[in-house]
Amino acid sequence: MAKKATKSFILRVDSDTMDAIEKWAADEFRSTNGQLQWIITEALRKAHRLPKKKKSETDNEEEQL
């Protein structure tokens, strides 16, 4: 499977929000970064804003199931 390129960026979040994200991440056994990635991906999915998957990516995922 091909690796996806990732981009780094700085995010400023107020202390109370960060505390809530860190607790949520711990509750789900994720890192804070992983939790933020999940939150963003879920928001994009629900808004139908994720890019469409290419045919080969879809085939590879089905093969793995």
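Counting from 1, residues in each chain are numbered in the order their sequence is written. Note on the predicted model: pLDDT of at least 70 is required for a residue's local features to be given, and 80 or more for side-chain atom pairs to be given and counted; whole-chain, interface and lining totals, by contrast, use all residues. Only hydrogens and water are removed before side-chain values are computed, so all heavy atoms of the structure are retained for them.

*Asks:* Mind showing me how you'd approach the layout of surface pockets here?
*Replies:* Gaps left between atoms are located by rolling a probe of water-molecule size over the structure's atoms. Quantified by volume, the second largest pocket comes out at close to 450 Å³. Here a cavity means grid points, on a 1 Å grid over the protein atoms only, where a 1.4 Å probe fits yet cannot get out; a pocket means an open set of points with protein on both sides within 12 Å along at least five of seven lines; lining residues are those with an atom within 4 Å of a point. For the second largest pocket, the lining is made up of 13 residues, of which Lys7, Phe9, Leu36, Gln37 and Ile40 are closest to its centre. Under the convention adopted here, Pro, Cys and the residues Ala, Val, Leu, Ile, Met, Phe, Trp and Tyr are nonpolar, Asp, Glu, Lys and Arg are charged, and Gly plus all remaining residues are polar. For the lining of the second largest pocket, a count of residues per class yields seven nonpolar, five polar and one charged. Grid points are joined across faces, edges and corners, and a volume is the space filled by probe spheres set on the points.

*Asks:* Quick question: what am I supposed to make of unusual backbone geometry here?
*Replies:* Across residues other than glycine, the phi torsion is negative in most instances, and most of the peptide bonds are trans. Positive phi outside glycine occurs at phenylalanine 29, with the angle close to 55°. Only DSSP runs of H or I reaching four residues or more are called helices, and only runs of E reaching two or more are called strands; each is numbered from the N terminus. With respect to the element layout, phenylalanine 29 can be found in the loop between helix 1 (15-27) and helix 2 (32-46). Positive phi values are uncommon outside glycine, yet histidine 48 reaches one of about 55°. Mapping histidine 48 onto the fold places it in the loop between helix 2 and helix 3 (55-64).

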